[in-house]
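Residue strings, one per chain:
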Amino acid sequence: MSTSLAGVFTLGAGYLLLLFLCALAVERGWVPTRLVRHPAVYSLALGVYASAWAVYGSVELATEVGYGYLAYYLGVAGAFLLVPVLLVPIQRMTRTYQLASLADLFAFRFRSRWVGTLITLVTLLSVMPLLALQVQTMGDAVHLLTGAVSPALLALGFCVLIGLLAILFGARHTHLQARHDTLLAVIALESLVKLAVMLALGGVALYGVFDGPTDLQSWLNGPGLAAQSSTLRLDPGQWRTLLLLFFAAAFLMPHMFHMTFTETPSRRALLQASWSLPLYLLLMALPVPLIVWATQRLGVDASALGSAYLAFALSANPWVDALVFIAGLAAASGTMIIIAIALAGMVLNHLVLVARPPDNQPDLYRWLLWLRRALIVAVILGGWLFYRTVGIKHDLTTLGLTSFVGMAQCLPGMLAVLYWPGANRKGMLCGLAAGCAVWLLGLWLPLLTDQAPLVFIPPGLEALEDEPAWYAITLVALAANIIIFITVSLITRTSEGERAAAEACSVDAVIRPKRLPLAARTGEDFKPYLAEALGREVAEREVDNALAALGLSPHDGRPYALRRLRDRIQANLSGLMGPSVAQDIVDRFLPYQYDGLAPTDDIHFVESRLEAYRSRLTGLARELDGLRRYHRRTLTQLPIGLCAFGDDSELLMWNDALAQLSGIEGDSVIGARRDSLPAPWAELLGRIFDEPGSYLYKQAVTLESGLRYLTLHKATLAAEQGERGGTVILIEDHSEMKWLEDELVHSERLASIGRLAAGVAHEIGNPITGISSLAQNLRYDTDDPQLLETADQIQQLTERVSRIVGSLVSFAHGGRHVEQTRLTAVELYQVGEEALHLIRLARSGQDVVYSNLCPMGLRVQGDAQRLVQVLVNLIGNARDASQPGDEIVIEAKPQGSGVELSVSDAGHGIDASVRDHLFEPFSTTKPPGEGTGLGLPLVYSIIREHHGHIQIDSPPPGQQHGTRIAMWLPRPQEDGEDHDEPDSDR
Amino acid sequence: MYVYRIMLFLVFGGYLLSPMLMSGWATPGMAWYRPFVIWGILIALSMWLEQKRKLDEH
């Protein structure tokens, strides 16, 4: 081992350059995004947990306590096996509220900047020994490789390079929550390098020193027993405590928290890590005992070399040494980079910004970015300084355990965040302070002073006096922490804000925000308010970002939308400056307005959250949620329009039927005030609110679909058990009923006219008969040819008048005998003539040409009068659609066992959108007032009564315009049996 | 959610019983890779639960 310093520096710098090139490749897009964002990359990046401790410290621990070294891996593996129940809820919180660190999470949950500050200080103190451990392994490795007496300067050089890389990878964006693909890729590469080297070292041990697994097993059962006898055995308590410490480290250590929650690409990736990270750690842990046993077989003096660095003695090959050095550097640099990035954010948010709020900073983003960069460098240099002054005097296990025991003091608080909404900040602060005091006096300060640990053993636990200091202090500190935390939380009062935050964080609770109005009236109004704190430019950018993220319009004035906007801005500012400062800013500059009424839950928001949480509900909660969904569905899919308002006139529900009737989607109006609803709804709903009764009947309203008649029913929900009430309004569309009523009145009027016409016809009939008789007599009384001709003409004209009157009476009676019609053989030509005769009586359509092309003698089985009625309707429609000079043709031809009767015109045709509804009552293509929409339904009904069918072609095949309506009617069953001519008088 | 209870049970059960396993591993004559095999089985179980969860969600 006599490599030169320059050679080692070149090796180390070369490796760090490789990281830089990897970052460059990702940044420039040379590596496919699909690969960079693959869950496997995230799992490998989580391997940042395997710090220099995994490469050197584990070997040291395995030498001392055998398989006890596994606690370092199994603790974290256990935490990740519980990803769905432990880590996913934390990830959900951090993602929802933009919480980038443990201090952010605690400050958010306990609604106190002091909590954030204390957590930051505890983290800072805890992490320093771990950082020193990383630097120390680099220094010791350089010393072993080069023989340099003081390798600290070279270690400092590596620290500076690592600091620059940390800035490059993690402090290029202003937002700490911004995802860093580059950072993930680089750390994943480091994990791969560590793993590859460790597996290679395991291979060297197993196949270079031993002759494979069988030889190793033989050695362990034989000569190796003596070497193993010096290994200590951890007692069950110590083993469990180690497991607990490393379990807690999985989500409390700043680099693990950052990598697990802040850099998570997706929940899927985190869930996959539940098995992939334990697998990675298994592979990392596997070579450790092999290295120890191989060096024991080689007879390496562990005390001379340092048991942590036994891997350097595995082989005389300098490349093996280089590999060990690279593995240590990869492990240390990855951990230092992530710790520096995470800790810089915590110090910035909870120490710097709390001491110096960024009120009206001219260029806030730039100012924060440079502060963060400076803090990254400061953290890494702080680690180096701690190593130079303190760490160098202690072994890796002491440094590492001091760090892990310190961070474990946050474990009770974290469990309370997830599972105990009753915990409060006073309890948390007192418990944490007590636990940290025990830890500081027992483990941390003795690192500085070289004094024996000061361990307070409470009465009853005297057995701990003989145990290792780390073990006794861990138990005493955690016990004091937990007992004081619980006691103080139970005897002190929890603030309302803290209770709300606890609900937001708790695994089993759904956040229940209150419905409070804001001073700002629209999203755009937020900008001047926020500008007072952030400056105009930053305020505009933050508001615009939040609006874009929520998909809201800047002019949306719905209180619900404004509350969501406020929450989003707070979350975004939390990612920028931490939750304490963010909350302070929104509370001061975007305050709620209290209207004197007790605020109630924001039901719509609660429901939307429940929808999102559905997959998490189990047991009774799931059953209740099923009921809730059923009732919700019942209301939303009710075929009658329904809307509900809170006591503050905020719209809480707008069901599907109402959305269809109004043409307004529920999402665009829910959360709005009643008076801000689009016209005519604000005025219409205001009317029912002001109405002393419970309903309004047939209110005329002009909607997009035209004039509608709506009936509104109102029910007032009484306030019960502290819950505020509201108003439910049912809206029925009575337009069709109104039109039907109007039609009935009109029909009644027509019927009266018909009766009158029948009476008149009867009265006219008598004198006409008299005139006809007189004309007949006249023919017998004279031989004057002129008079005879006159008498003939009088007779013809009176016959014509009789036929007209008879047709009128017949048609008026035609619609009455709908049932029990006796069908007879009907001559279609005669039916056509009769219909045309009636049509020609109307004044309109005189300039249209009518042609009856039905062949004589072609008959169908039917009722002549009702078929005349059919043709009159169809010809009337054709006439209305035709232009002057157009021809309307009635045709008939045999078809199969029946006859096809058709009416064709060359008019404007029927629009495709209404063609399918023509046979429905009140469907008409004519302008309002001109068509009743009852003609074609009547035609359809008559044809069906005749066992026929009807078809509309508009335009007919091969034509550009026009309409052809064809009816198929059956022929007489026994043609010839009943040859009655259609009787126009019947 | 129900499947995760299996994992909760295993992890906390394993935590409580792990000292017994530890003493077993240190017994002379035991295969040196035994702890890793047990660990591997736990990983396989976790992988199976993850697949089951995916199927449940679909």
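What you are looking at is a predicted structure, and each value in this text was computed from that prediction instead of being measured. (Residues numbered from 1 in each chain as written. Chains lettered and ligands numbered in written order. Predicted model: local features only at pLDDT ≥ 70, side-chain atom pairs only at ≥ 80, totals over all residues.)

Thoughts on the overall build of chain A
Line of reasoning, step 1. The helix and strand tally for chain A stands at 39 helices and 12 strands.
Line of reasoning, step 2. Sorting the 986 residues of chain A into buried and exposed places 45% on the buried side.
Line of reasoning, step 3. Considering only contacts within chain A whose residues lie at least 6 apart along the sequence, 74% involve residues at least 24 apart. (Helix = DSSP H or I, 4+ residues; strand = E, 2+ residues; numbered from the N terminus. Buried ≥ 20, exposed ≤ 12 C-beta atoms within 10 Å, placed from the backbone. Contact = placed C-beta atoms within 7 Å.)

Points about the overall build of chain B
Line of reasoning, step 1. Summing up its helical and strand segments, chain B has two helices and zero strands in all.
Line of reasoning, step 2. Expressed as a percentage of the 58 residues in chain B, the buried residues total 17%.

Observations concerning the UniProt feature "transmembrane region" (unreviewed entry) in chain B
Line of reasoning, step 1. Mapped onto the present numbering, the UniProt feature "transmembrane region" (unreviewed entry) falls at residues 7–26 and 32–49 of chain B.
Line of reasoning, step 2. For the annotated span residues 32–49 of chain B, helix accounts for 89% and strand for 0% of the residues, and the straight-line distance between the end C-alpha atoms is 28 Å. (UniProt positions renumbered as here; feature names shortened; annotations may be inferred.)

Structural notes on the nonpolar core
Residue and element names in this part refer to chain A.
Line of reasoning, step 1. With 256 residues, the main nonpolar core has Ala249, Ile291 and Ala340 as its most contacted residues.
Line of reasoning, step 2. Tallying contributions element by element places helix H18 (residues 318–355) first for this core, with 24 residues.
Line of reasoning, step 3. Apart from the residues within four sequence positions on either side, Ala340 is in contact with Gly163, Ala166, Ile376, Val379 and Ile380.
Line of reasoning, step 4. Counting 35 residues, the second largest nonpolar core, distinct from the first, contains Val868, Leu871, Leu918 and Leu936. (Core = buried A, V, L, I, M, F, W, Y, C linked by C-beta atoms within 7 Å.)

Let's talk about the packing of helix H8 (residues 113–146) of chain A against helix H22 (residues 425–449) of chain A
Residue and element names in this part refer to chain A.
Line of reasoning, step 1. Remark: H8 packs on H22, axes separated minimally by 11 Å, with the N-to-C direction vectors making an angle of 20°. In terms of their interaxial angle, H8 and H22 are classed as roughly parallel. The chirality of how H8 crosses H22 is left-handed. Residue-level contacts link Trp114, Val115, Leu118, Val122, Leu125 and Pro129 of H8 to Arg425, Met428, Leu429, Leu432, Cys436, Trp444 and Leu447 of H22. (Axes fitted to C-alpha atoms, helices over the stretch in contact; angles between N-to-C directions. Parallel < 35°, antiparallel > 145°, perpendicular 65-115°, else oblique. Left-handed = near helix turned anticlockwise from the far one by under 90°.)

Quick word on the pairing of strand E8 (residues 859–862) of chain A
All names here are of chain A.
Line of reasoning, step 1. The alternating pattern of E8 places Arg859 and Gln861 on one face and Val860 and Gly862 on the opposite face, and all of these are buried.
Line of reasoning, step 2. Across four bridges, the pairing between strand E6 (residues 824–827) and E8 is antiparallel. Within the sheet, the bridge partner assigned to Ala825 lies in E8 and is Gln861. (Pairing = 2+ DSSP bridges.)

Remarks on the packing of helix H9 (residues 152–170) of chain A against H18 of chain A
Residue and element names in this part refer to chain A.
Line of reasoning, step 1. Where H9 contacts H18, the two axes come as close as 9 Å, and the packing angle between them is 55°. Judged by the inter-axis angle, H9 sits oblique to H18. In the packing of H9 onto H18, the handedness of the crossing is right-handed. Within the contact between the two elements, H9 uses Ile162, Gly163, Leu165, Ala166, Phe169 and Gly170 and H18 uses Ser333, Met336, Ile337, Ala340 and Ile341.

A short note on the interface of chain A and chain B
Line of reasoning, step 1. Between chain A and chain B, the residue contacts involve 31 residues of the former and 27 residues of the latter.
Line of reasoning, step 2. Within the residue set of the side of chain A that touches chain B, elements represented by two or more residues are helix H5 (71–81), helix H6 (83–96), helix H11 (213–221), helix H13 (236–252) and helix H15 (267–285) of chain A.
Line of reasoning, step 3. The biggest single contributor to the side of chain A that touches chain B is H15 of chain A, with seven residues.
Line of reasoning, step 4. A class-by-class count of the residues in the side of chain A that touches chain B yields 20 nonpolar, eight polar and three charged. (Nonpolar A, V, L, I, M, F, W, Y, C, P; charged D, E, K, R; others polar.)

As for the pairing of strand E1 (residues 641–646) of chain A
Regular strands have side chains that alternate between both faces of the sheet.
Residues and elements named next belong to chain A.
Line of reasoning, step 1. Where E1 lies against strand E5 (residues 726–733), six bridges are found, and the strand directions are antiparallel. Counted as the bridge partner of Cys643 is Ile729 from E5.
Line of reasoning, step 2. Here three bridges tie E1 to strand E2 (residues 651–654), and the two strands are oriented antiparallel to one another. Among the inter-strand pairings, Cys643 is bridged to a residue of E2, identified as Trp654.
Line of reasoning, step 3. In this structure, the hairpin formed by E1 and E2 is closed by a connection of four residues, where Ser649 is found at a positive phi of approximately 65°.

A word on the sheet that holds strand E3 (residues 695–703) of chain A
Residue and element names in this part refer to chain A.
Line of reasoning, step 1. The strand order across the open sheet formed by five strands is E2-E1-E5-E4-E3, and the pairing between neighbours is antiparallel. Each edge of the open sheet is held by one strand with a lone partner, namely E2 and E3. Looking at each pair of strands side by side, their axes are set apart by 25° on average, direction ignored.
Line of reasoning, step 2. Contacting E3, strand E4 (706–717) and E5, helix H33 (residues 681–690) runs over the sheet at an angle of about 170° to E3.

A word on the confidence of the model for chain A
In low-pLDDT regions, the fine details of the predicted coordinates are not to be read closely.
Line of reasoning, step 1. On average, residues of chain A carry a pLDDT of 83, and 90% of them reach 70 or more.
Line of reasoning, step 2. In the predicted structure, residues 815–820 of chain A sits below a pLDDT of 50 and forms zero contacts with residues beyond four places in sequence or in another chain. (pLDDT = per-residue confidence, 0-100.)

Regarding the sheet that holds strand E10 (residues 898–905) of chain A
All names here are of chain A.
Line of reasoning, step 1. Taken together, five strands build an open sheet; the order of strands is E7-E9-E10-E12-E11 and the sheet is mixed. A strand with exactly one partner marks an edge of an open sheet, and here the two such strands are strand E7 (849–852) and strand E11 (949–953). Between one strand axis and the next, the sheet turns through 15° on average, direction left out of account.
Line of reasoning, step 2. The pairing of E11 with strand E12 (residues 963–970) spans five bridges and is classified as antiparallel. Its bridge partner being in E12, Asp953 is matched across the sheet by Arg964.
Line of reasoning, step 3. Its contacts with the sheet place helix H37 (residues 864–881) against strand E9 (887–895), E10 and E12, and it is angled at close to 25° to E10.

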